[in-house]
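As a plain string of letters, each chain reads:
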Amino acid sequence: MSLTALTSAYRLRSLCRLQRIQAHMMSSHAEPEVLLERVGRAGVITMNRPKVLNALNLTMIRQIYPQLKRWESDNETDIVIIKGAGDKAFCAGGDIRAVTEAGKVGDSLAQDFFREEYILNNAIGSYRKPYIALIDGITMGGGVGLSVHGRFRVATEKTLFAMPETAIGLFPDVGGGYFLPRLQGKLGLFLALTGFRLKGRDVQRAGVATHFVESKKIPDLQKELVDLKSPSAEDVSRVLDSYQSQSSLDAEKPFILKKHLSDIDRLFSASSVEGIVKNLKTNGSEFAKKQTETLSKMSPTSLKITLKQLQAGASLSLQDVLVMEYRLSQACMRGYDFYEGVRAVLVDKDQNPKWNPSTLEEVSDQMVEQCFSSLGEKDLTL
(Lines give C-alpha, C1' and ligand atoms only; values in the text may rest on other atoms or scores of the structure.)
Protein backbone atom coordinates (compact mmCIF):
# COMPACT_ATOMS: atom_id res chain seq x y z
CA MET A 1 0.00 0.00 0.00
CA SER A 2 1.45 3.39 -0.93
CA LEU A 3 2.07 6.04 1.74
CA THR A 4 -0.71 8.21 0.26
CA ALA A 5 -3.18 5.33 0.42
CA LEU A 6 -2.08 4.55 3.99
CA THR A 7 -2.54 8.20 5.01
CA SER A 8 -5.99 8.27 3.39
CA ALA A 9 -7.00 5.05 5.14
CA TYR A 10 -5.75 6.43 8.45
CA ARG A 11 -7.66 9.69 7.99
CA LEU A 12 -10.80 7.80 7.01
CA ARG A 13 -10.55 5.56 10.05
CA SER A 14 -10.07 8.60 12.32
CA LEU A 15 -12.97 10.38 10.65
CA CYS A 16 -15.26 7.38 11.18
CA ARG A 17 -14.19 7.16 14.81
CA LEU A 18 -14.78 10.90 15.29
CA GLN A 19 -18.23 10.61 13.69
CA ARG A 20 -19.06 7.74 16.04
CA ILE A 21 -17.96 9.80 19.04
CA GLN A 22 -19.92 12.85 17.83
CA ALA A 23 -23.01 10.77 17.07
CA HIS A 24 -22.78 9.34 20.56
CA MET A 25 -22.45 12.87 21.99
CA MET A 26 -25.49 14.05 20.02
CA SER A 27 -27.66 11.01 20.66
CA SER A 28 -30.63 11.45 22.95
CA HIS A 29 -29.25 10.20 26.24
CA ALA A 30 -31.72 8.96 28.78
CA GLU A 31 -29.74 11.16 31.18
CA PRO A 32 -28.53 14.69 30.40
CA GLU A 33 -24.72 14.98 30.64
CA VAL A 34 -24.92 17.96 32.94
CA LEU A 35 -27.72 18.95 35.33
CA LEU A 36 -28.35 22.66 35.87
CA GLU A 37 -30.89 23.43 38.55
CA ARG A 38 -31.80 26.13 40.97
CA VAL A 39 -32.17 24.94 44.55
CA GLY A 40 -33.39 27.72 46.79
CA ARG A 41 -31.17 30.68 45.92
CA ALA A 42 -28.29 28.51 44.73
CA GLY A 43 -27.44 27.51 41.18
CA VAL A 44 -26.32 23.87 41.25
CA ILE A 45 -24.27 22.30 38.45
CA THR A 46 -23.91 18.50 38.47
CA MET A 47 -21.64 16.82 35.96
CA ASN A 48 -23.65 13.75 35.13
CA ARG A 49 -21.45 11.21 33.32
CA PRO A 50 -20.48 8.97 36.24
CA LYS A 51 -19.66 5.99 33.97
CA VAL A 52 -16.80 7.99 32.42
CA LEU A 53 -15.85 9.71 35.71
CA ASN A 54 -17.75 12.86 34.65
CA ALA A 55 -15.28 13.62 31.85
CA LEU A 56 -15.93 17.09 30.44
CA ASN A 57 -16.91 17.35 26.77
CA LEU A 58 -17.80 20.29 24.54
CA THR A 59 -21.56 19.69 24.88
CA MET A 60 -21.25 20.12 28.67
CA ILE A 61 -19.07 23.23 28.38
CA ARG A 62 -21.69 24.76 26.06
CA GLN A 63 -24.39 24.18 28.66
CA ILE A 64 -22.45 25.24 31.76
CA TYR A 65 -20.98 28.52 30.45
CA PRO A 66 -24.20 30.37 29.42
CA GLN A 67 -25.96 29.17 32.60
CA LEU A 68 -23.12 30.47 34.78
CA LYS A 69 -23.36 33.85 33.06
CA ARG A 70 -27.15 33.97 33.58
CA TRP A 71 -26.84 33.11 37.26
CA GLU A 72 -24.12 35.71 37.71
CA SER A 73 -26.42 38.51 36.56
CA ASP A 74 -29.81 37.42 37.91
CA ASN A 75 -31.13 38.54 41.29
CA GLU A 76 -32.58 35.16 42.25
CA THR A 77 -29.21 33.41 42.52
CA ASP A 78 -26.77 34.11 45.36
CA ILE A 79 -24.21 31.32 45.04
CA VAL A 80 -23.15 28.56 42.62
CA ILE A 81 -22.29 25.01 43.66
CA ILE A 82 -20.61 22.58 41.24
CA LYS A 83 -20.27 18.83 41.89
CA GLY A 84 -20.03 15.46 40.16
CA ALA A 85 -22.60 12.65 40.01
CA GLY A 86 -21.76 9.19 41.37
CA ASP A 87 -19.37 8.35 44.18
CA LYS A 88 -16.06 8.19 42.30
CA ALA A 89 -15.31 11.49 40.60
CA PHE A 90 -15.88 15.22 40.57
CA CYS A 91 -14.47 15.33 37.02
CA ALA A 92 -11.52 13.22 35.88
CA GLY A 93 -10.60 15.56 33.03
CA GLY A 94 -11.50 16.70 29.55
CA ASP A 95 -12.75 14.23 26.96
CA ILE A 96 -9.45 14.37 25.06
CA ARG A 97 -9.85 11.18 23.08
CA ALA A 98 -12.47 12.96 20.99
CA VAL A 99 -10.14 15.96 20.68
CA THR A 100 -7.24 13.86 19.31
CA GLU A 101 -9.53 12.09 16.84
CA ALA A 102 -10.64 15.54 15.65
CA GLY A 103 -7.06 16.78 15.41
CA LYS A 104 -6.07 13.88 13.15
CA VAL A 105 -8.65 14.84 10.54
CA GLY A 106 -8.52 18.62 10.93
CA ASP A 107 -11.98 18.83 12.55
CA SER A 108 -12.70 22.12 14.34
CA LEU A 109 -13.35 20.35 17.68
CA ALA A 110 -9.56 20.51 18.14
CA GLN A 111 -9.81 24.32 18.41
CA ASP A 112 -13.35 24.68 19.79
CA PHE A 113 -12.86 22.39 22.78
CA PHE A 114 -9.79 24.21 24.15
CA ARG A 115 -11.09 27.68 23.30
CA GLU A 116 -14.47 27.22 24.96
CA GLU A 117 -13.03 25.32 27.92
CA TYR A 118 -10.57 28.15 28.64
CA ILE A 119 -13.31 30.77 28.28
CA LEU A 120 -15.26 28.81 30.91
CA ASN A 121 -12.16 28.61 33.18
CA ASN A 122 -11.82 32.40 32.93
CA ALA A 123 -15.51 32.93 33.74
CA ILE A 124 -15.05 30.85 36.91
CA GLY A 125 -11.89 32.75 37.85
CA SER A 126 -13.62 36.12 37.59
CA TYR A 127 -17.04 35.05 38.94
CA ARG A 128 -18.74 37.78 40.99
CA LYS A 129 -20.75 35.47 43.26
CA PRO A 130 -19.47 32.80 45.67
CA TYR A 131 -18.54 29.72 43.61
CA ILE A 132 -18.17 26.48 45.56
CA ALA A 133 -16.67 23.33 44.01
CA LEU A 134 -17.35 20.13 45.94
CA ILE A 135 -14.39 18.07 44.71
CA ASP A 136 -15.48 14.83 46.37
CA GLY A 137 -13.58 12.29 44.24
CA ILE A 138 -11.20 12.22 41.27
CA THR A 139 -10.32 15.77 40.13
CA MET A 140 -7.80 15.95 37.32
CA GLY A 141 -7.03 18.11 34.29
CA GLY A 142 -10.28 19.63 33.04
CA GLY A 143 -11.90 18.93 36.43
CA VAL A 144 -9.23 21.07 38.08
CA GLY A 145 -10.11 23.87 35.64
CA LEU A 146 -13.75 23.73 36.78
CA SER A 147 -12.80 24.07 40.45
CA VAL A 148 -9.42 25.58 41.26
CA HIS A 149 -10.14 29.09 39.94
CA GLY A 150 -13.33 29.35 42.00
CA ARG A 151 -13.43 31.06 45.40
CA PHE A 152 -14.05 27.85 47.40
CA ARG A 153 -12.82 24.28 46.75
CA VAL A 154 -13.90 21.62 49.23
CA ALA A 155 -11.85 18.41 49.28
CA THR A 156 -12.87 15.19 51.05
CA GLU A 157 -11.01 11.97 51.90
CA LYS A 158 -12.12 10.70 48.46
CA THR A 159 -10.46 13.54 46.55
CA LEU A 160 -7.67 12.49 44.19
CA PHE A 161 -5.96 15.45 42.51
CA ALA A 162 -3.42 15.40 39.69
CA MET A 163 -2.31 17.29 36.61
CA PRO A 164 -1.04 14.27 34.64
CA GLU A 165 -0.71 15.91 31.22
CA THR A 166 3.05 15.51 30.64
CA ALA A 167 2.40 11.73 30.47
CA ILE A 168 0.18 12.21 27.40
CA GLY A 169 2.24 14.76 25.50
CA LEU A 170 0.19 17.73 26.67
CA PHE A 171 0.87 20.31 29.44
CA PRO A 172 -1.03 21.23 32.64
CA ASP A 173 -3.53 23.54 30.97
CA VAL A 174 -6.92 24.97 32.13
CA GLY A 175 -4.98 27.73 33.89
CA GLY A 176 -2.31 25.46 35.39
CA GLY A 177 0.22 28.09 34.38
CA TYR A 178 -1.57 30.46 36.78
CA PHE A 179 -2.36 28.41 39.89
CA LEU A 180 0.58 25.99 39.98
CA PRO A 181 3.42 28.56 40.29
CA ARG A 182 1.42 30.24 43.08
CA LEU A 183 1.56 27.16 45.33
CA GLN A 184 4.29 27.10 48.04
CA GLY A 185 7.88 27.07 46.79
CA LYS A 186 8.45 24.77 43.81
CA LEU A 187 5.55 22.47 44.73
CA GLY A 188 3.48 23.52 41.70
CA LEU A 189 6.33 22.87 39.27
CA PHE A 190 6.92 19.46 40.89
CA LEU A 191 3.21 18.55 40.51
CA ALA A 192 3.19 19.86 36.92
CA LEU A 193 6.24 17.97 35.69
CA THR A 194 5.73 14.65 37.53
CA GLY A 195 1.90 14.44 37.60
CA PHE A 196 2.23 13.48 41.29
CA ARG A 197 -1.14 12.56 42.84
CA LEU A 198 -2.41 14.21 46.00
CA LYS A 199 -5.12 12.57 48.06
CA GLY A 200 -7.68 13.74 50.61
CA ARG A 201 -6.52 16.29 53.15
CA ASP A 202 -3.24 16.74 51.28
CA VAL A 203 -5.13 18.48 48.46
CA GLN A 204 -5.94 21.25 50.94
CA ARG A 205 -2.48 21.20 52.54
CA ALA A 206 -0.97 21.80 49.11
CA GLY A 207 -3.23 24.83 48.64
CA VAL A 208 -5.30 23.34 45.81
CA ALA A 209 -8.44 23.09 47.99
CA THR A 210 -9.52 25.79 50.44
CA HIS A 211 -11.31 23.38 52.83
CA PHE A 212 -11.43 19.74 53.89
CA VAL A 213 -14.78 18.19 54.88
CA GLU A 214 -15.54 14.49 55.39
CA SER A 215 -17.42 13.02 52.44
CA LYS A 216 -20.39 11.86 54.53
CA LYS A 217 -20.99 15.47 55.66
CA ILE A 218 -21.17 16.86 52.10
CA PRO A 219 -24.99 16.44 51.68
CA ASP A 220 -25.60 18.35 54.95
CA LEU A 221 -23.06 20.97 53.94
CA GLN A 222 -24.78 21.47 50.60
CA LYS A 223 -28.17 21.80 52.26
CA GLU A 224 -26.85 24.41 54.68
CA LEU A 225 -25.25 26.39 51.82
CA VAL A 226 -28.45 26.29 49.78
CA ASP A 227 -30.48 27.51 52.77
CA LEU A 228 -28.33 30.62 53.35
CA LYS A 229 -30.21 33.88 52.93
CA SER A 230 -28.39 36.38 50.65
CA PRO A 231 -24.98 35.13 51.77
CA SER A 232 -21.75 37.05 51.35
CA ALA A 233 -18.48 35.21 50.65
CA GLU A 234 -17.77 35.55 54.40
CA ASP A 235 -21.06 33.77 55.26
CA VAL A 236 -20.15 30.91 52.95
CA SER A 237 -16.66 30.82 54.43
CA ARG A 238 -18.08 30.54 57.97
CA VAL A 239 -20.25 27.54 57.02
CA LEU A 240 -17.31 25.81 55.33
CA ASP A 241 -15.04 26.55 58.30
CA SER A 242 -17.57 25.06 60.72
CA TYR A 243 -17.86 21.84 58.70
CA GLN A 244 -14.11 21.65 58.41
CA SER A 245 -13.72 21.97 62.18
CA GLN A 246 -16.06 18.96 62.60
CA SER A 247 -13.94 16.89 60.18
CA SER A 248 -11.02 15.34 62.06
CA LEU A 249 -10.40 12.41 59.68
CA ASP A 250 -6.65 12.01 58.88
CA ALA A 251 -5.88 15.27 60.73
CA GLU A 252 -3.01 13.58 62.57
CA LYS A 253 -1.37 12.29 59.38
CA PRO A 254 1.38 14.63 58.12
CA PHE A 255 1.33 16.09 54.60
CA ILE A 256 2.73 13.32 52.37
CA LEU A 257 5.29 15.70 50.82
CA LYS A 258 6.21 17.49 54.07
CA LYS A 259 9.58 15.80 54.48
CA HIS A 260 10.41 16.40 50.79
CA LEU A 261 9.39 20.06 50.44
CA SER A 262 12.86 21.51 51.04
CA ASP A 263 14.34 19.00 48.56
CA ILE A 264 11.63 19.86 46.00
CA ASP A 265 12.38 23.57 46.38
CA ARG A 266 16.10 23.00 45.93
CA LEU A 267 16.08 20.32 43.22
CA PHE A 268 13.33 21.89 41.09
CA SER A 269 14.82 25.40 41.18
CA ALA A 270 17.09 24.78 38.17
CA SER A 271 16.26 26.96 35.16
CA SER A 272 16.05 24.03 32.72
CA VAL A 273 14.51 20.56 32.75
CA GLU A 274 18.00 19.10 32.12
CA GLY A 275 19.17 21.00 35.21
CA ILE A 276 16.33 19.57 37.31
CA VAL A 277 17.12 16.01 36.14
CA LYS A 278 20.82 16.56 36.88
CA ASN A 279 19.96 17.82 40.39
CA LEU A 280 17.78 14.75 41.01
CA LYS A 281 20.48 12.33 39.80
CA THR A 282 23.17 14.05 41.88
CA ASN A 283 20.94 13.98 44.97
CA GLY A 284 20.50 10.20 44.70
CA SER A 285 17.92 9.81 47.52
CA GLU A 286 15.08 7.29 47.08
CA PHE A 287 12.67 10.17 46.54
CA ALA A 288 14.94 11.78 43.92
CA LYS A 289 15.44 8.45 42.13
CA LYS A 290 11.69 7.95 41.93
CA GLN A 291 11.19 11.41 40.42
CA THR A 292 14.01 10.84 37.91
CA GLU A 293 12.32 7.63 36.82
CA THR A 294 8.94 9.38 36.53
CA LEU A 295 10.33 12.25 34.46
CA SER A 296 12.11 9.78 32.12
CA LYS A 297 8.68 8.44 31.07
CA MET A 298 7.20 11.86 30.26
CA SER A 299 7.18 13.59 26.87
CA PRO A 300 10.45 15.58 26.70
CA THR A 301 8.67 18.28 24.66
CA SER A 302 5.86 18.48 27.23
CA LEU A 303 8.34 18.81 30.11
CA LYS A 304 10.11 21.73 28.44
CA ILE A 305 6.88 23.49 27.44
CA THR A 306 5.54 23.04 30.98
CA LEU A 307 8.60 24.53 32.68
CA LYS A 308 8.46 27.61 30.44
CA GLN A 309 4.67 27.84 30.88
CA LEU A 310 4.99 27.99 34.69
CA GLN A 311 7.98 30.34 34.61
CA ALA A 312 5.98 32.77 32.44
CA GLY A 313 2.65 32.20 34.24
CA ALA A 314 4.09 33.16 37.64
CA SER A 315 3.82 36.84 36.72
CA LEU A 316 0.78 36.81 34.38
CA SER A 317 -2.94 37.27 35.04
CA LEU A 318 -5.22 34.24 34.64
CA GLN A 319 -6.52 35.73 31.37
CA ASP A 320 -3.03 36.13 29.92
CA VAL A 321 -2.11 32.60 31.03
CA LEU A 322 -5.16 31.18 29.23
CA VAL A 323 -4.24 33.07 26.03
CA MET A 324 -0.74 31.55 26.29
CA GLU A 325 -2.13 28.08 27.01
CA TYR A 326 -4.45 28.23 24.01
CA ARG A 327 -1.37 28.81 21.82
CA LEU A 328 0.29 25.81 23.48
CA SER A 329 -2.81 23.63 23.00
CA GLN A 330 -2.76 24.33 19.28
CA ALA A 331 0.98 23.64 19.10
CA CYS A 332 0.26 20.23 20.70
CA MET A 333 -2.50 19.61 18.13
CA ARG A 334 0.02 20.37 15.34
CA GLY A 335 2.67 18.16 16.93
CA TYR A 336 3.19 14.43 17.42
CA ASP A 337 3.47 13.63 21.14
CA PHE A 338 -0.13 14.41 22.17
CA TYR A 339 -1.52 11.85 19.69
CA GLU A 340 1.09 9.28 20.70
CA GLY A 341 0.50 9.88 24.43
CA VAL A 342 -3.27 9.50 24.13
CA ARG A 343 -2.75 6.34 22.06
CA ALA A 344 -0.38 4.79 24.63
CA VAL A 345 -2.26 5.79 27.78
CA LEU A 346 -5.94 5.96 26.79
CA VAL A 347 -6.49 4.01 23.56
CA ASP A 348 -4.14 1.02 23.29
CA LYS A 349 -3.18 1.33 26.99
CA ASP A 350 0.25 -0.21 26.41
CA GLN A 351 1.74 2.61 28.56
CA ASN A 352 4.69 2.69 26.19
CA PRO A 353 4.68 5.94 24.22
CA LYS A 354 7.43 6.54 21.66
CA TRP A 355 8.08 10.25 22.04
CA ASN A 356 9.49 12.32 19.20
CA PRO A 357 11.93 13.91 19.96
CA SER A 358 12.78 11.13 22.42
CA THR A 359 15.31 13.00 24.60
CA LEU A 360 15.38 16.38 26.33
CA GLU A 361 18.59 17.29 24.50
CA GLU A 362 16.84 16.97 21.13
CA VAL A 363 14.10 19.46 22.10
CA SER A 364 15.71 22.77 21.13
CA ASP A 365 14.89 26.13 22.70
CA GLN A 366 13.65 27.21 19.27
CA MET A 367 11.16 24.31 19.15
CA VAL A 368 9.83 25.33 22.57
CA GLU A 369 9.66 29.03 21.62
CA GLN A 370 7.61 28.21 18.51
CA CYS A 371 4.89 26.63 20.69
CA PHE A 372 4.41 29.99 22.44
CA SER A 373 4.15 32.11 19.30
CA SER A 374 1.01 34.11 18.54
CA LEU A 375 -1.75 32.61 16.39
CA GLY A 376 -2.63 36.09 15.08
CA GLU A 377 -6.36 36.43 14.56
CA LYS A 378 -6.84 32.83 15.77
CA ASP A 379 -5.55 33.74 19.25
CA LEU A 380 -7.92 33.25 22.17
CA THR A 381 -9.74 36.47 23.05
CA LEU A 382 -11.24 36.90 26.52
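Residues numbered from 1 in each chain as written. Predicted model: local features only at pLDDT ≥ 70, side-chain atom pairs only at ≥ 80, totals over all residues. Heavy atoms only, no water.

A. Quick peek at the packing of helix H4 (residues 109–125) against helix H15 (residues 318–334). As a packed pair, H4 and H15 sit with axes 10 Å apart at the nearest point and diverge in direction by 165°. With respect to each other, H4 and H15 are oriented roughly antiparallel. Relative to H15, H4 is oriented so that their crossing is right-handed. Contacts between H4 and H15 pair Ala110, Gln111, Phe114, Arg115, Tyr118, Asn121, Asn122 and Gly125 from the former with Leu318, Gln319, Leu322, Glu325, Tyr326, Ser329, Gln330 and Met333 from the latter. (Axes fitted to C-alpha atoms, helices over the stretch in contact; angles between N-to-C directions. Helix = DSSP H or I, 4+ residues; strand = E, 2+ residues; numbered from the N terminus. Parallel < 35°, antiparallel > 145°, perpendicular 65-115°, else oblique. Left-handed = near helix turned anticlockwise from the far one by under 90°. Contact = heavy atoms within 4.5 Å.)

B. Region of the structure containing the sheet that holds strand E6 (residues 138–140). In space, the four strands of this open sheet follow the order E4-E6-E8-E9, with mixed pairing throughout. A strand with exactly one partner marks an edge of an open sheet, and here the two such strands are strand E4 (89–91) and strand E9 (198–199). Taken together, the three bridges between E6 and strand E8 (residues 160–162) define a ladder with parallel strand orientation. Each residue of the ladder has a partner; that of isoleucine 138, found in E8, is leucine 160. (Pairing = 2+ DSSP bridges.)

C. Expanded view of the pairing of strand E7 (residues 152–155). Of the two faces of E7, both are covered, the one formed by Phe152 and Val154 as well as the one formed by Arg153 and Ala155. Sheet analysis places strand E5 (residues 131–135) next to E7, joined by four bridges and oriented parallel. Looking across to E7, one finds that alanine 133 is bridged to arginine 153. Looking at chain direction, E7 and strand E10 (residues 211–212) are connected through two bridges and run parallel. Of the residues in E10, the one forming a bridge with alanine 155 is phenylalanine 212. (Buried < 20%, exposed > 50% of the residue type's maximum accessible area, 1.4 Å probe, protein only.)

D. Seen up close, the packing of aromatic side chains. By the definition in use, this model includes seven aromatic pairs. Here phenylalanine 190 and phenylalanine 268 contribute two aromatic rings whose centre-to-centre distance is 5.5 Å and whose plane-to-plane angle is 90°, an arrangement assigned as edge-to-face. On the criterion of sequence distance, the pair formed by phenylalanine 190 in helix H7 (residues 187–194) and phenylalanine 268 in the loop between helix H11 (261–267) and helix H12 (273–283) is long-range, its members being 78 residues apart. Classification of phenylalanine 268 as buried rests on a relative accessible area of 0%. Following the ring pairs from residue to residue traces out a cluster consisting of Phe190, Phe196, Phe268 and Phe287. Sitting above the plane of the tyrosine 178 ring, arginine 182 keeps its charged end 3.9 Å from the centroid. The ring of phenylalanine 372 has lysine 308 sitting right over it, with the charged end atom 5.2 Å from the ring centre. (Phe/Tyr/Trp six-rings, centres within 6.5 Å; stacked < 30°, edge-to-face > 60°. Lys NZ or Arg CZ within 6 Å of the ring centre and 35° of its normal.)

E. Representation of the packing of helix H9 (residues 218–227) against helix H10 (residues 233–245) in the model. Contact geometry for H9 and H10: axes closest at 10 Å, N-to-C directions at 160°. Comparing their axes, H10 and H9 come out roughly antiparallel. Every pair of crossing elements has a handedness; the one defined by H9 and H10 is right-handed. Counted together, Asp220, Leu221, Glu224 and Leu225 of H9 and Val236, Val239, Leu240 and Tyr243 of H10 form the full contact between these two elements. In the contact of H9 with H10, the residues fall into six nonpolar, no polar and two charged. (Nonpolar A, V, L, I, M, F, W, Y, C, P; charged D, E, K, R; others polar.)

F. Here's a closer look at the pattern of salt bridges. If you walk through the whole model with that rule in mind, you get 25 salt bridges. For glutamate 72, the salt bridge is made with lysine 69, and the minimal N-O distance between the two is 3.4 Å. Placement of the pair is glutamate 72 and lysine 69 together in helix H2 (residues 58–73), with a separation of three residues, close to one helical turn. The exposure class of glutamate 72 is buried, given its relative accessible area of 7%. When the shortest N-O distance is used, the salt bridge between arginine 327 and aspartate 379 registers 2.7 Å. You can see arginine 327 sitting in helix H15 and its partner aspartate 379 sitting in the segment after helix H17 (365–371), a full 52 residues away along the chain. Assessed through its relative accessible area of 14%, aspartate 379 is described here as buried. By sharing partners, the salt bridges in this structure join Glu340, Arg343, Asp348 and Asp350 into a single network. (Salt bridge = Lys/Arg side-chain N within 4 Å of Asp/Glu carboxyl O.)

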